[in-house]
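Letter by letter, the chains look like this.
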Amino acid sequence: MSFGGGGTISTVEPKIGALSIQNSAFGLPIGLFWGKARLSGNMMWFGDFTAIPHTTTQSSGGKGGGGVTSQNTTFTYTAAFIFGLSEGPINSIDQVWSGKEKTTFAALGMTLLPGTIPQSVWPHLTTNHPAEALSYPGIASVAHSAFNLGSSASLPNLSFEANGPRQFGSGIVDARPDEIITDMLSSPIYGAGFPASRLSVTAYRTYTQAEGLFLSPVINSQQPAAQHLDDILKATNSAPLWSEGLLKILPYGDTSVTGNGVTYTPAITPVYDLTDDDYFPASKGDRPIKIRRKPVADAYNQLQVEFRNRANEYNIEPAEAKDLGNISAFGLRSAEPVRLHAICEGSIANKVANALLQRKLYIRNEYEFRLCWRHCLLESMDIVTLTHAPLGLDHFQVRIKEVEEDSGGMLRVVAEEFPFGVATPALIQTQQPSGYSVDFSVAPGNANAPVLFEPPMSLAGQGRYELWLATSGGVNWGSAEVWVSWDDATYKRVGVVQGGARHGALSAALASGSDPDTTNTLAVDLSVSRGELISGTLADRDDLLTLCYVDGELISYQTATLTAANKYNLTSLRRGAHGTPVGVHNIDTKFVRLDDAVFRYAYEVSDIGKTLYIKLRSLNTFDSGAEELATLTAYTHTIVGAAEGTAVPPPDVNTFLVSRQSDGTRQFVWSLLNPPADLTGFLIRYKLGTETDWDAMTPMHNGALLASPFESNQLAAGSYTFAIKAIDVFGNESVNATFIQATLGDPRLSGALDVFEERAEGWPGTKTDCHLESTTGYLQPDDTAATPWTGTWASRKWTTTPANPITYERLIDVGVVATFTPLVTVIADGTVTVTEAHSDDGVTYTSFAAITGPITCRYVKIKISVAATWPTLKDATTILSASPISQDTEDLDTSTLTGSYRIGTGDIRIPLTKTFASIRKVDVTLQNVGAGWSWELIDKDTAVGPRLKIYNASNAAADATIDVTVRGL
């Protein structure tokens, strides 16, 4: 990149044109849930997919106001949608999981459509999509009019913690099982069509409430209602019974329980005491009571209940129950895990696991016997006692499982043993597994107040102005985006601080010292950043590999001694590195260990004196949880510029060459390695002959040249010395000039209207206070003495009081009013001043002024003044330089020309669309004519156009179609 030119590099990422939908399926059942559960949704409507461009600009440090500006355009996307969740109504939504991040419903700005009947239409549809404005009655949904998709054109995996119907209250967000069963079977909207009047759940309600067996089932798949009912009864230690025209739900619980405002008293009084007088064997010789015992292999002593743990974001976890005594005696026998996802609390899962384990382990015997019709009031879940001496049964309690009447009116009864207390879970304090739950959106906390300083150029890098920033954060802090502004209104992101810098403050004052300093101790406290320091070698210290910033002074150390947590004593110091001032530093002075964790921001020389506003937008260790930029505190820093830059001159120019281009132009080319950031440009001077003194040479241009190359035609032919220096913003020049010597030929003449060689022509213009010295051809000053010396030497050979300055003036008539630039080359002894005055009519002239560019006129006066103790004008050349122009006319049918452009047949003038001062050449091509045709150029009139005549093969004037090119100045 050329010096001072600058540039912009723009990159634009591809824009995505459509939304990738998370989940949208036709025909899915509308889910049901009670209590509080985590729900995922099904897309019911989406639209308004919008791509939003974001352009960030970052400038690299350039030279003298140059540099590269990088513009990067990325896109974020938004979309509107409605997500169906379940059958309504839903009361509210607490947490929302968006991909890996956990947030709140309010923070996402969503709208809840609770699923009431009737339900209002979402206003966004009514306003923007009236043809699609459906109310979706009875379906609980969430909606968003412009959901932020980030840089991905797909919805994240969204799930919602919803508060549904039948929550128990009093801090319990789950539902009572009896109400769940009643809704599931009897709801007029989504129930199984079972009449509520035929349900008997009074005992069941009391038992589950007292035991605290509350559930939050989610039904989102199709299966028989009996299967859903069985899962709920299994989770609540109960069984169904059809009796007296009622579906009764009876608990297995066999001990009194008090809790949640109620007391459950089990019905465990035996209904009958059965004896041998009551049993009726099926046939003579049969045993009155048959016993079936479960195999030992089926007496499981370890069981797991799989549940969704609300405390762990509803992830699936096992609750385990073991009988350690049985395991010790008979070995571990594990049952298949029981899947009960309606349970969302670990304490409930443990109760259920223990109840299921005790029934599997301690209820192993079944008893089958026959009774006559007088026991017809017996039903399942009744308690009876069995007495039968041959089996050793004496008032042995059993619970009836089945009662079946055969064709003869006899009752076949199956009962299970009833060990008292087995049906009630033990009150065991079981530690809940916490699992591992990652909160990807945990708040990172603010970045610590940064330490801001401007390092010397020798540290920042040759040619760079930089501001350095050191910051850190708390335990959840991972990084910080750096946003800067010059007006505290418009901020742009310039980079990211990755990880925390090691910074803090001095815990004791540091005295001034010599370098190296083996006497003083640099005591620092890095608690704010939790930083750690290690010792280095003596070479590390001397090579500044342990460099630190201490209140403007740069110090390196050899030994770091830990004195307390994050506190160190640094000894064996190098002071004042990179030319920084050695001084006294008080307690609490800012300290930074300089390493790659320090953020570096490059600024321009033109920024010196401005106030920079800085905001640090923190992210957590997962690069998430970004803070809102508008809420952050802006830190300020006034740019002062690297102090060493004001005193250090730019380096000498490395190479310097002059060459002649093909058209005669003199081109100067140079290079400068490692240009400083404060470089302004370059200065070139010249002198006829040999020279080594920069101050004795004449500048070739006004102001500083911004970049190589530089072209000039101001010097006449001759042998010259040229020199170049670099100059910075503070006016410092290179210490040494770079010299070259070159012999120049004639300057460029291709665009010249005319060239005037004054000395060769004998100085024909007006000479004031000077005369032509015949022996040299120079203009010498006249003698201004009152009585000139008239000795024996020839007149004017001796001058006692030379005139100062002397003046030579030349009037030039171009012939027409034209636009050109007078290029005047002067060789003289003394200070030369060249001015011009010009006129269109030769009567009224402008005032004399310096030649700064093209002028438009016919007459121009060139005035050359030379001032010195003995001013001498040796040579002068004036070139009237005009820019060549060209006009191309194609397919011109001469027969169509009219007015002044058509003089006669085959006699025409070429219409001009450009303004020519003079016409040098006219080229004509005749189209589609036979042999012998020709054309003749009559004149080159610039006012009405050049005149042509066209002749056919008989040499008679004729029209034709032609192509014409007119060239001139």
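What counts, and at which threshold
Residues numbered from 1 in each chain as written. Predicted model: local features only at pLDDT ≥ 70, side-chain atom pairs only at ≥ 80, totals over all residues. Heavy atoms only, no water. Helix = DSSP H or I, 4+ residues; strand = E, 2+ residues; numbered from the N terminus. Contact = heavy atoms within 4.5 Å. Areas by Shrake-Rupley, 256 points an atom, 1.4 Å probe, with all protein chains shown as cover. Axes fitted to C-alpha atoms, helices over the stretch in contact; angles between N-to-C directions. Parallel < 35°, antiparallel > 145°, perpendicular 65-115°, else oblique. Nonpolar A, V, L, I, M, F, W, Y, C, P; charged D, E, K, R; others polar. Pairing = 2+ DSSP bridges. Buried < 20%, exposed > 50% of the residue type's maximum accessible area, 1.4 Å probe, protein only. Lys, Arg positive; Asp, Glu negative; His and termini not counted. Salt bridge = Lys/Arg side-chain N within 4 Å of Asp/Glu carboxyl O. Polar contact = N/O pair within 3.5 Å; in protein donor to acceptor, adjacent residues only side chain to side chain.

Caption draft 1: The arrangement of the overall build of the protein chain in detail. A count of helices and strands for the protein chain gives 9 helices and 61 strands. Put simply, of all contacts in the protein chain between residues at least 6 apart along the chain, 71% involve residues at least 24 apart. If you sum the accessible surface of the protein chain, you get close to 46300 Å²; carbon and sulfur atoms cover 50% of it.

Caption draft 2: Geometry of the packing of helix α3 (residues 177–186) against helix α4 (residues 202–211). For the pair α3 and α4, the least separation of the axes is 8 Å and the interaxial angle reads 135°. It follows that α3 is oblique to α4 by the angle criterion. On α4, the residues that touch Pro177, Asp178 and Ile181 of α3 are Tyr204, Arg205 and Thr208. Partitioning the contact of α3 with α4 into residue classes produces 3 nonpolar, 1 polar and 2 charged.

Caption draft 3: Region of the structure containing the pairing of strand β16 (residues 246–251). The pairing of strand β13 (residues 199–200) with β16 spans 2 bridges and is parallel. The residue of β16 that forms the bridge with Ser200 is Lys248. Of the strand pairs in this sheet, strand β15 (residues 238–243) and β16 are connected by 6 bridges, and their pairing is antiparallel. Residue pairing in the sheet places Leu241 in a bridge with Lys248 of β16.

Caption draft 4: Main features of the side chain of Glu836. When you line up the elements, Glu836 lands in strand β52 (residues 806–839). Here Glu836 is buried and forms no salt bridge, its nearest opposite-charge partner Lys861 lying at an N-O distance of 10 Å. For Glu836, the side chain forms a polar contact with the side chain of His838, separated by 2.9 Å.

Caption draft 5: Representation of the environment of Val296. Secondary-structure assignment places Val296 in the loop between β20 (290–293) and β21 (302–309). Its relative accessible area of 44% is what places Val296 among the partly exposed residues. Distance from Val296 to Phe330, taken between C-alpha atoms, is 9.1 Å for residues 34 residues apart in sequence. With sequence-adjacent residues up to four places away left out, Val296 is seen in contact with Arg333 and Arg364.

Caption draft 6: Fine view of the packing of α3 against helix α5 (residues 225–235). In contact at an axis separation of 11 Å, α3 and α5 are set at 175° when each is read in the N-to-C sense. Relative to α5, the element α3 is oriented roughly antiparallel. Across from Pro177, Ile180, Ile181 and Met184 in α3, the residues of α5 making contact are Ala225, His228, Leu229, Ile232 and Leu233. Tallied by class, residues from the contact of α3 with α5 come to 8 nonpolar, 1 polar and no charged.

Caption draft 7: Main features of the sheet that holds strand β22 (residues 315–322). Here we have 3 strands laid out as an open sheet, ordered β22-β21-β23, and mixed in their pairing. The sheet is open, and its two borders are formed by β22 and β23 (338–339), each paired with just one other strand. Taken together, the 2 bridges between β21 and β23 define a ladder with parallel strand orientation. If you follow Val305 over to β23, its bridge partner there is Val338. Each of β21, β22 and β23 is contacted by helix α7 (residues 346–362), which is oriented at about 155° to β21, the strand it contacts most.

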